Structures are given as C-alpha cells and as structure tokens.
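Fold and geometry: a report
What follows is each chain in one-letter form.
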Amino acid sequence: MGIKSKVLIIGGTGYIGKRLVKASLQQGHETYVLQRPEIGVDIEKIEMLFSFKMQGAHLVIGSFDDHRSLVEALKKVDVVICAISGVHIRSHQILLQLKLVDAIKEAGNIKRFLPSEFGTDPARMADAIEPGRVTFDDKMVVRKAIEDAGIPFTYVSANCFAGYMVGGLCQPGYILPSRESVTLFGDGNKQSIFVDEDDIAAYTIKTIDDPRTLNKTLYLRPPANILSQREVVELWENLIGKQLHKTSLSEQEFLNIMKGFS
Ligand code: NDP
C-alpha cells in the first residue's frame, strides 16, 4: 500500500459528510474538515466538529465567501471531497462548488476532487422532470467546470440513500414504515438501488487512492440491494409477520405529490 492521501472534507457536518469524515479517519487518512465561520452558534455543528477533532481530524477554517481561505485549506491536502447539500426539498447549494473549482485551480496541488454527487448519475438524467431535476442539472454544471479546468476527479454515483428510501417503504415524505398500509407506485415492481450511507462513505474513501477510478464515475450497485418497492414491502411484512393493506398510485397522482414538495 502506498502513502494514503490527505483528505479535506467540505460539508463534513452534513448527512453524508459526517459519515465521510468517520470513514476517512477509520481508513487511516490524515483528515481535514472545513469549519465554516457561518455556522456561528450552531452548537450541534460545533459539537460535531469538536468530536471529529477528538477522533484525530484537523479542523480548518474556511468559507465559500473567502476565496483565499479555501485556497489555503486546499493547500494542506491531496484530495478534496465535497458533500455540500443538494436536495431541492431541503437545502440546495450545489452551484457554490463553482467557487471551490476556482480555488482548486488556483491551489494547483489537488490530485483528485470528488464533488457533491452521491446520487443517481446526473449524466443519465437528461429526461428528469421537475421538481427535482435542478439537482441533476446543477451537478452537470459543476462537472463541466471541473472537466474544463482539467481537475482530476471521481464522481460517486450512489443511487438511493437507504435511510431516505427503505424505512418509509419508498414513499415520498415517509422515513418510517407503517404497520398498517402502504401506497405502491403503479404495480410496485420497478426496481431501484438502495445503498447504506455508511457503505457509500466507506467506498468513497476507498476510491480516492485507486488509479482505476481517476477521471471516472464510480457506480455503487450492490446486487443484493436492487429491489422493487414490493420486495422492500415484503421484507418489512416478513419482519412484522403481517401483510400491509396496499393501495396504488398512478403516474399522474405521483407527479402531483412531487409538485407539492417543490
Ligand atoms: P446536507 O443537507 O446534510 O448538507 C451538507 C452540508 O452542506 C452541510 O452540513 C453544510 O456543511 C453544507 N452547507 C449547507 N448550506 C451551505 C451553504 N449555504 N454554504 C456552505 N455550505 C453549506 O447534505 P446531504 O448530505 O443531504 O447531501 C449531500 C449530497 O448527497 C448532495 O449532493 C445530495 O444531492 C446527495 N444526496 C443523495 C441522496 C440519495 O438518495 N442518493 C439523498 C440526499 C442527498 P458544513 O456546515 O458542515 O460546512
């Protein structure tokens, strides 16, 4: 094994970001986490950052509003992973990464950049519909900037976060399963790929020093995790020893619900 890259994680207190910090430390990388002054008195973020420090991470102060601070943070490391928010129903900051691309260009030392992706491959989502397609469109804008600048990259396509999708039996707006009923999309037989968030983080960190994934997309598709909604529901029914009452949602009804989230 060669020397492990030094890693800067941006968005380290986020949902996937905190797992990336943990995985980077566990896999023995010298790990830096951006500490943004904008978090102010967000005590939970500060506690989390200090817990990273206690586990061996270095905190490095920097802001997207301060180009020089980003450049200085980048100069400390070999690899940068950004996990900035990008969900239209929550917080969507994907295009802020264009500032990071500028800073990476100026720093000139970054061997690999992993932008905030971790979802469905945006290059395959040209036909995505609103609401929600903004995530894919913006991620493609960031990809173009990275590639135009000649920055070495890896894109991690992690498909569906299991925590978001499996617990709620794949129903938008649900995180926990009902013991009584479920609404199926159409016949419920379309398959999706569900990936555990800690596994996403572990494989993301594993890829950063792997020459096979340089300037490529890494697809996380565990064969056992490719399931239809019906199969997810059956797993839950087996666990609780009971059949759920099932109703079905048409395509148009589903689209109307999604509009409600925009
Ligand atoms: P979060 O919403 O948890 O936010 C991550 C971090 O973004 C925050 O902790 C914060 O970092 C940073 N951030 C938020 N707002 C700002 C801002 N205004 N300026 C600078 N930084 C900011 O993100 P997720 O973990 O949910 O999303 C990360 C990636 O995962 C996205 O690309 C998203 O599209 C993808 N995703 C994929 C899913 C899937 O099913 N495959 C589901 C959900 C997300 P800090 O305060 O630490 O600096």
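Preceding block: the structure.
Residues numbered from 1 in each chain as written. Predicted model: local features only at pLDDT ≥ 70, side-chain atom pairs only at ≥ 80, totals over all residues. Heavy atoms only, no water.

1. Brief notes about the state of the cysteines
For the structure on display, the rule yields zero disulfides. Distance from the sulfur of Cys160, which forms no disulfide, to the nearest cysteine sulfur (Cys170) is 7.9 Å. With relative accessibility at 21%, the residue Cys160 sits in the partly exposed group. (Disulfide = S-S within 2.5 Å. Buried < 20%, exposed > 50% of the residue type's maximum accessible area, 1.4 Å probe, protein only.)

2. Examining the packing of helix α3 (residues 67-74) against helix α4 (residues 97-107)
Close contact between α3 and α4 brings their axes to 9 Å; oriented N to C, the two are set at 55°. As the angle between them shows, α3 and α4 are arranged oblique. Relative to α4, α3 is oriented so that their crossing is right-handed. Across from His67, Arg68, Leu70, Val71 and Leu74 in α3, the residues of α4 making contact are Lys99, Leu100, Asp102, Ala103, Ile104, Glu106 and Ala107. (Axes fitted to C-alpha atoms, helices over the stretch in contact; angles between N-to-C directions. Helix = DSSP H or I, 4+ residues; strand = E, 2+ residues; numbered from the N terminus. Parallel < 35°, antiparallel > 145°, perpendicular 65-115°, else oblique. Left-handed = near helix turned anticlockwise from the far one by under 90°. Contact = heavy atoms within 4.5 Å.)

3. Notes on the sheet that holds strand β2 (residues 31-35)
Reading across from one edge, β3-β2-β1-β4-β5 is the order of the five strands in this open sheet, with parallel pairing throughout. Each edge of the sheet is formed by a strand with only one pairing partner; in this case those strands are β3 (58-61) and β5 (112-114). For this sheet, the mean inter-axis angle between neighbouring strands, taken without regard to orientation, is 25°. Pairing between strand β1 (residues 7-10) and β2: three bridges, direction parallel. The partner of Leu8 across the bridge, within β2, is Tyr32. The sheet contacts of helix α2 (residues 43-54) involve β2 and β3, and relative to β2 the element is tilted by about 160°. (Pairing = 2+ DSSP bridges.)

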